[in-house]
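Per-entry structural report
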Amino acid sequence: MSWLHISPDSDFSLQNLPFGIFHTGDAQPRAGMAIGGHIVDLVAAAEAGLFGKRRFFKKIFTQATLNDFIALGKPVTNRIRRKVREWLEQPTTPENALQLLVDRQTAIMLMPIRVPNYTDFYSSIEHATNVGKMFRPDNPLLPNWRWMPIGYHGRASSIVVSGTPIRRPKGQILVPGGQPDTPIFGPSRQLDFELELAFVIGKESTLGEPITAENAEEHIFGLVLFNDWSARDIQRWEYVPLGPFLGKNFGSSISPWIVPLEALKPYRVKGPKQTPPPLDYLKTRGLKNLDISLSVTLTSSNDSVPTLVSRSNTKYLYWNMAQQLAHHTVNGCNVQVGDLLASGTISGPTPDSYGSMLELTWGGRNPITLNDGTTRPFLQDGDVLTMHAWAGEEGEKVGFGSVEGEVLGAIE
Ligand code: MN
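Residues numbered from 1 in each chain as written. Predicted model: local features only at pLDDT ≥ 70, side-chain atom pairs only at ≥ 80, totals over all residues. Heavy atoms only, no water.

**Side note on helix H2 (residues 54–61)**
Taken together, the buried positions of H2 are Phe-57, Ile-60 and Phe-61. In a view along the axis of H2, the buried residues occupy a sector of 90 degrees, so they form one face of it. In H2, the exposed positions angled more than 90 degrees off the buried face are occupied by Arg-55 and Lys-59. Elements in contact with the buried residues of H2: strand S2 (30–35), helix H1 (42–47), helix H3 (67–70) and helix H4 (74–88). (Buried < 20%, exposed > 50% of the residue type's maximum accessible area, 1.4 Å probe, protein only. Helix = DSSP H or I, 4+ residues; strand = E, 2+ residues; numbered from the N terminus. Arc of directions from axis to C-beta. Contact = heavy atoms within 4.5 Å.)

**Side note on the sheet that holds strand S1 (residues 19–23)**
The sheet built from five strands is open, its strands ordered S4-S3-S2-S1-S5 with antiparallel pairing. Sheet topology places strand S4 (101–103) and strand S5 (108–110) at the edges, where each strand pairs with a single neighbour. Neighbour-to-neighbour, the strand axes of this sheet turn through a mean angle of 50 degrees, independent of strand direction. Bridge count for S2 against strand S3 (residues 38–41) is four bridges, and the pairing is antiparallel. Each residue of the ladder has a partner; that of Gly-32, found in S3, is Asp-41. Sheet contacts for H4: S1, S2, S3 and S4; angle to S2, the most-contacted strand, approximately 55 degrees. (Pairing = 2+ DSSP bridges. Axes fitted to C-alpha atoms, helices over the stretch in contact; angles between N-to-C directions.)

**Some thoughts on the nonpolar core**
Generally speaking, a soluble globular protein has its nonpolar side chains buried in company with each other. With 51 residues, the main nonpolar core has Leu-223, Leu-225, Leu-264, Ile-292, Leu-325 and Phe-400 as its most contacted residues. Taken together, the elements giving at least two residues each to this core come down to helix H6 (125–135), strand S13 (195–201), strand S14 (220–227), strand S20 (293–299), helix H8 (321–329), helix H9 (357–360), strand S25 (384–391) and strand S26 (398–408). Ignoring any residue separated from it by four or fewer positions in sequence, one finds Phe-400 in contact with Asp-11, Phe-12, Leu-197, Leu-223, Val-224, Leu-225, Ser-255, Val-259, Leu-264, Ile-292, Ala-389 and Trp-390. Of all hydrophobic cores here, the second largest spans 47 residues; its members include Phe-69, Tyr-118, Ala-198 and Val-200. (Core = buried A, V, L, I, M, F, W, Y, C linked by side-chain atoms within 4.5 Å.)

What follows is the structure in structure tokens.
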């Protein structure tokens, strides 16, 4: 219980306390922690002496990103959460309440981290099978898929925070009825989203030294929602033999609040049975998956009512985060603080739980009907795509808020 009113349906309960970077119109970025409809201003909290070492923490929390703070390590980052929670759980309203709290409505959220490197996995067996069926009907799930978390190196420079519009990319595409194997150049006609969760590296590793599956979670600071925007027509033509490139790297969006791994502890679950059994370096024990509900809504530019287009859950993921990180580093590849490792599209077993338009409309063949009666094989200019993620029940929800982006028309 807190002296502060926290709405029971808020994503940001006392159990959550995620970190972000915000400003309030003064263009002075600062670190904050979301609680209900408010933000605890961590610069003000440091100045008030909540954490000791006032000057040190004031400096850390006035950085434009959380990287330096995260790099202090879990003992420090968890202590900060504990101190804020104690402050919120005092029996009466503290005198400095007004000084430390910011109305979340008045805050502008910024990129919470500088992302040195970004990797995207492909860890949902439902998604990999669905895409495989469309791209390679005779051979949907390739033989390596059940042996390793398949991934590729993405582009860190184009990762943006929720609310940033995404411009429809142009590129080489094969059009129906065109010459065989002869592309045209133009705006993508198959712009898509990918429903993903990404984890943030909190502890660097040394080049040449693998992170074991057992130690992997020491290196994971927290998680964000992740929309890996994709242009399917560009992707289909370019992806053989070296994998995704311009169909993917024009933009990915993240939610502004990083939910610490520790806040998700009550929502750990067992993952799906893995067959064949993973090789030794990929073996994990205990509850390594997370039960996080996911939803996707689409709002067209001439309607304010969002249409629910998908509901999924992270518990369906075949490969867990510890396995992803162990695999990523098994050859000696190192990770850096702020690196983002995304799950890959999180599709569930039923058609209403698919995590991309590609699957929901089955390659555009069965368009989605929105509330306003219009249909979508893929995303249209002006569409606003919003993802939500949350664990737990009302009153103690550990939610991610949302990641949202509007599709802008291609450059002329
Ligand atoms: Mn992806």
